[in-house]
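What follows is the residue order along each chain.
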Amino acid sequence: MLTMRPAIPDDRPGLATMIQNRSDWMKVNQLPGWRNWGKHVHELADNCTRHPIEMWVLTEYGDRILGCTTILRTSAPWTWTAAEAADTAYYLNGTVTDPAERHRKLGTLIADWAVDRAAREGISRVRRDCSSPALAEYYQQQNFQLIRKVSTPGGHTSYALERKAEEIPELASWLIPDITPPGISGRWRTPLAESARSNMAGAMGYFSRSFRGTAEASLSV
């Protein structure tokens, strides 16, 4: 059975291996961005140790890491309007899955989990942005709606997508959600306003890295 749980420091080796495998797979398949992924494997894996970054891992049989994602509570100011940023929303970033398991559509499963979790927490939307048109198209296949395409301060193109939060009862057939390892339960119970403030530094780091190719996942079906 698959489990979605908060990442912990002990996950770092498994995360690094999975992210490296993703980079290698991208290289073999001649997908853009593989060099940046390879350069920043350990930086991305280290997010499991950086509070208050809210990193989650998808595991099987309790310890094998098959995927990860990060939930931010703040938006990229160049992608979302002030009115949109005032909405309660999850901003998914750094979603990576094991390329050897891509036939299981784990990226879609992680997206559905986030949509379901957001609804159960009273969050209205799940959002994500990317600079790849192929990735934007893939997210639309996951029922995300393309809201706009904008130019960023660095001269890149950013695609803003969102999906309404809703409970997905059928997830229970595939996934044990929200298993929290002992000793860190309070870490993920931060009040929303405080969480938004504390996420700002981490969010800006993610947003800046996304345009260097390190915070975006590449077609992680």
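A brief report on the enclosed structure follows. (Residues numbered from 1 in each chain as written. Predicted model: local features only at pLDDT ≥ 70, side-chain atom pairs only at ≥ 80, totals over all residues. Heavy atoms only, no water.)

Comments concerning unusual backbone geometry
For Lys105, which is not glycine, the phi dihedral falls at a positive 55°. With respect to the helices, strands and loops of the structure, Lys105 is situated in the loop between strand S4 (89-97) and helix H5 (106-120). The phi dihedral of Asn143 is positive, around 75°, even though this residue is not glycine. Note on placement: Asn143 falls in the loop between helix H6 (133-141) and strand S6 (145-151). Residue classification places Asn143 among the exposed residues on the basis of a relative accessible area of 56%. (Helix = DSSP H or I, 4+ residues; strand = E, 2+ residues; numbered from the N terminus. Buried < 20%, exposed > 50% of the residue type's maximum accessible area, 1.4 Å probe, protein only.)

As for the environment of Ile19
Counting through the fold element by element, Ile19 comes out in helix H1 (residues 12-28). Along the sequence, Ile19 and Cys68 sit 49 residues apart, while their C-alpha atoms lie 9.5 Å from each other.

Some remarks on the nonpolar core
Within soluble globular proteins, side chains that are nonpolar generally end up buried alongside one another. One finds Leu58, Trp113 and Val126 to be the most contacted residues of the largest nonpolar core, which totals 30 residues. Broken down by secondary-structure element, the contributors of at least two residues to this core are strand S1 (2-6), strand S2 (54-60), strand S3 (64-72), S4, H5, strand S5 (125-130), H6 and strand S7 (157-164). One finds Ala7, Ala16, Met55 and Val57 within the second-largest nonpolar core, a separate group that totals 14 residues. (Core = buried A, V, L, I, M, F, W, Y, C linked by side-chain atoms within 4.5 Å.)

Points about H5
Compared with an ideal rise of 1.5 Å per residue, which puts 15 residues at 21 Å, H5 spans 21 Å between its outermost C-alpha atoms and is within 8% of the ideal. Turning to H5, its buried residues number three or more, namely Leu106, Gly107, Leu109, Ile110, Ala111, Asp112, Trp113, Ala114, Val115, Asp116, Arg117 and Ala118. Just downstream of H5, Gly122 is the residue with a positive phi angle, here 80°. (Expected span 1.5 Å × (residues − 1).)

Describing the pairing of S4
S4 sits mainly inside the fold: 9 of its 9 residues count as buried. Across 5 bridges, S3 lies against S4 in antiparallel orientation. Residue pairing in the sheet places Ile71 in a bridge with Leu92 of S4. Inspection of the sheet shows S4 paired to S5 by 3 bridges, in the parallel sense. The residue bridging Tyr90 from the neighbouring strand is Val126, located in S5. As for the winding sense of the linkage, the β-α-β connection from S4 through H5 to S5 is right-handed. (Pairing = 2+ DSSP bridges. Right-handed = clockwise from strand over helix to strand, strands pointing away.)

Here we look at the pattern of salt bridges
One pass over the structure, following the stated rule, counts 18 salt bridges. Residue Glu121 is joined to Arg73 by a salt bridge in which the shortest nitrogen-to-oxygen separation is 3.7 Å. A residue pair is termed long-range when its members are at least 10 positions apart, and Glu121 in the loop between H5 and S5 and Arg73 in the loop between S3 and helix H4 (82-85) qualify at 48 residues. Asp116 serves as the salt-bridge partner of Arg120, at 2.7 Å between the closest nitrogen and oxygen. Residue Arg120 and its partner Asp116 are both found in helix H5; the two are separated by 4 residues, about one turn of the helix. In this structure, a network of salt bridges that share partners links the residues Glu60, Arg64, Asp98, Glu101 and Arg104. (Salt bridge = Lys/Arg side-chain N within 4 Å of Asp/Glu carboxyl O.)

A look at the side chain of Asp11
In this fold, Asp11 is placed in the loop between S1 and H1. Judged by relative accessible area, Asp11 falls into the buried class, the value being 6%. If we ignore the near neighbours within four places in the chain, the residues touching Asp11 are Arg5, Pro6, Cys48, Val57 and Ile65. (Contact = heavy atoms within 4.5 Å.)

A look at the environment of Asn143
Between the C-alpha atom of Asn143 and that of Asp112, which follows or precedes it by 31 residues, the distance is 9.4 Å. Each residue touching Asn143, except ones within four places of it in the same chain, is listed here: Glu162 and Arg163.

A word on the pairing of S2
Among the 7 residues of S2, 7 are classified as buried, and the element is accordingly described as predominantly covered. Side-chain alternation along S2 places Glu54, Trp56, Leu58 and Glu60 on one buried face and Met55, Val57 and Thr59 on a second face that is also buried. Taken together, the 5 bridges between S1 and S2 define a ladder with antiparallel strand orientation. Its bridge partner lying in S2, Leu2 is registered against Glu60.

A look at the sheet that holds S3
Pairing is mixed in the open sheet, where 8 strands are placed in the order S6-S7-S5-S4-S3-S2-S1-S8. Edge positions in the sheet fall to S6 and strand S8 (175-176), since each has one partner strand and no second. Examined bridge by bridge, S1 and S8 share 2 bridges and lie parallel to one another. Of the residues in S8, the one forming a bridge with Thr3 is Ile176. Here H5 sits on the sheet in contact with S1, S2, S3, S4, S5, S7 and S8, set at roughly 160° to S4. Packing of H6 onto the sheet brings it into contact with S5, S6 and S7, and relative to S7 it is tilted by some 10°. (Axes fitted to C-alpha atoms, helices over the stretch in contact; angles between N-to-C directions.)

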